[in-house]
Amino acid sequence: MEQMSDFQRVYDFGNLYAAFLKARKGKRGKPSVAKFEANLLEALSLLSELLKTKTYTMSEYFVFKVYEPKERVVMTNAFKDKVVQHSLCDNVLEPAFASSFIRDNYASQRGRGTHDGLYRLESFMRSYYFSRKAQAEQESREEGLPRLSPAEYADGWVLKCDISKYFYSIRHDPLKKMVWRFIKDPDVLWLIDLIIDSTPDPGIHIGNQTSQWFAVMYLSGLDHFIKEKLKIKCYGRYMDDFFLIHEDKAYLQYCRKEIEKYVAGLGLSLNKKTNIFPLRNGIDFLGFHTYLTETGKVIRKVRRSSKSNEQKKLKKQRYLLDSGKITLKKVEQSYGSWRSHAEKGNCYHLIREMDELYMNLFPEIYSKESAA
């Protein structure tokens, strides 16, 4: 049997059906999804034919704002476009891009993600502490010097970087040239160009499935530069948020200048939050503040802003529930999501405090559970 080309894998009916199932997750109540599903065989067959004949076009974007974790404009596409992009990502982009990524590029990939990034940061911090301890103890034995205080093993510096308006600053031409290195099928490149050029240059839209993979890949060269040229062992990146840990502050200052030059070549710049600070201050990364104790233990706490934002959100949801604007199920799902996030840190007392607030604000939830 003749092997399918990359483009054939995108418009293959079975692959489009699998993409439909992924795109449908969490959206079955939406009218656009219900309409597509009501005529599923015809819709997928038509989509396959439009792609095959290269007569497929993208629908207009729907524009809205989100305010968590910060205010930003999101442009989402039609459901049929989501199906196409899931098929493109799963069958072409992910296999083509993933093998070139370093281990500590955490976003979007299978087996990676925020939890993986947090545990890798913890591993880096612990490794940093105990390698310094082993080196200092060896030097004290060989040279007859007094041992350092355990607190000094945690001495070091962090360069924490963030790209300014990342998704909105990605330039189309450099992005396309990067894609060409991995994908050779001209028909797939036609579809990718169609998607990239559906938005003004510079910029790719956060709501697109493909944008996640493009954004992960756009800075992949920087990952290799930092690991292989700058020789930073303790480095990790989640999309445009990344950290470098090193014992020499002056060297991190040099690294910052080199990184600024590198990203400038991509049309990007580091934002004002980029800074070098002592390792003992801890690192804000992926929703947690992770810090190293004097004994080498790593502690992970939810950011203060996360706690205060959740408290405000619960009080607002009480009002919205009383006004009939949201359901009790929505409240339960929302708080359950925050609680699940907090459980990934050392947050036992915080969770108990928030559970008490939640119970006081929504006693009907506990009455319902007791009745059941």
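Here's a quick rundown of the structure. (Residues numbered from 1 in each chain as written. Predicted model: local features only at pLDDT ≥ 70, side-chain atom pairs only at ≥ 80, totals over all residues. Heavy atoms only, no water.)

Next up on the list: the overall build of the protein. The number of helices and strands found in the protein is 16 helices and nine strands. Every one of the 372 residues in the protein was classed for burial, and the buried ones make up 46%. For the protein, the computed accessible surface area is about 19900 Å², with 52% contributed by carbon and sulfur atoms. Measuring between centres, the 61 positive side-chain charges of the protein sit 3 Å from its 47 negative side-chain charges. (Helix = DSSP H or I, 4+ residues; strand = E, 2+ residues; numbered from the N terminus. Buried < 20%, exposed > 50% of the residue type's maximum accessible area, 1.4 Å probe, protein only. Areas by Shrake-Rupley, 256 points an atom, 1.4 Å probe, with all protein chains shown as cover. Lys, Arg positive; Asp, Glu negative; His and termini not counted. Charge placed at Lys NZ, Arg CZ, Asp CG, Glu CD.)

Before going further, it helps to examine the state of the cysteines. Per the counting criterion, the structure on display carries zero disulfides. Cysteine 255 provides the cysteine sulfur closest to cysteine 161, a residue in no disulfide bond, and the two sulfurs are 9.2 Å apart. (Disulfide = S-S within 2.5 Å.)

This paragraph deals with the sheet that holds strand E9 (residues 298-302). Strands sit in the order E7-E8-E9 across an open sheet of three strands; the sheet is antiparallel. Edge strands, defined here as strands with exactly one partner in the open sheet, are strand E7 (283-285) and E9. The mean inter-strand angle of the sheet, taken between neighbouring strand axes irrespective of direction, is 25°. Looking at chain direction, strand E8 (residues 288-292) and E9 are connected through five bridges and run antiparallel. Among the inter-strand pairings, leucine 292 is bridged to a residue of E9, identified as valine 298. (Pairing = 2+ DSSP bridges. Axes fitted to C-alpha atoms, helices over the stretch in contact; angles between N-to-C directions.)

With that settled, the discussion passes to unusual backbone geometry. Most peptide bonds take the trans configuration, and most residues that are not glycine carry a negative phi. With an omega of 5°, the peptide bond between aspartate 201 and proline 202 qualifies as cis. Tracing the chain through its elements places proline 202 in the loop between helix H9 (186-196) and helix H10 (209-218). A positive phi is found at serine 108, a non-glycine position, where the angle reads about 70°. By the element assignment, serine 108 lies in the loop between helix H5 (79-98) and helix H6 (114-143). For lysine 231, which is not a glycine, the phi torsion comes out positive at approximately 60°. For lysine 231, the position within the fold is in the loop between helix H11 (220-229) and strand E4 (234-238). With a relative accessible area of 59%, lysine 231 lands in the exposed category.

Packing of helix H13 (residues 304-322) against helix H15 (residues 348-361) leaves a shortest axis separation of 10 Å and a crossing angle of 10°. Taken as axis vectors, H13 and H15 run roughly parallel relative to one another. Residues Lys307, Glu310, Gln311, Leu314, Lys315 and Arg318 of H13 form the contact with H15, whose participating residues are Leu350, Glu353, Met354, Leu357, Tyr358 and Leu361. (Parallel < 35°, antiparallel > 145°, perpendicular 65-115°, else oblique. Contact = heavy atoms within 4.5 Å.)

Moving on: the side chain of arginine 24. As for its placement among the helices and strands, arginine 24 is situated in helix H2 (residues 13-24). By relative accessible area, arginine 24 is classed as buried at 16%. For arginine 24, the side chain forms a polar contact with the side chain of glutamate 37, separated by 2.7 Å. If we ignore the near neighbours within four places in the chain, the residues touching arginine 24 are Val33, Glu37 and Phe79. (Polar contact = N/O pair within 3.5 Å; in protein donor to acceptor, adjacent residues only side chain to side chain.)

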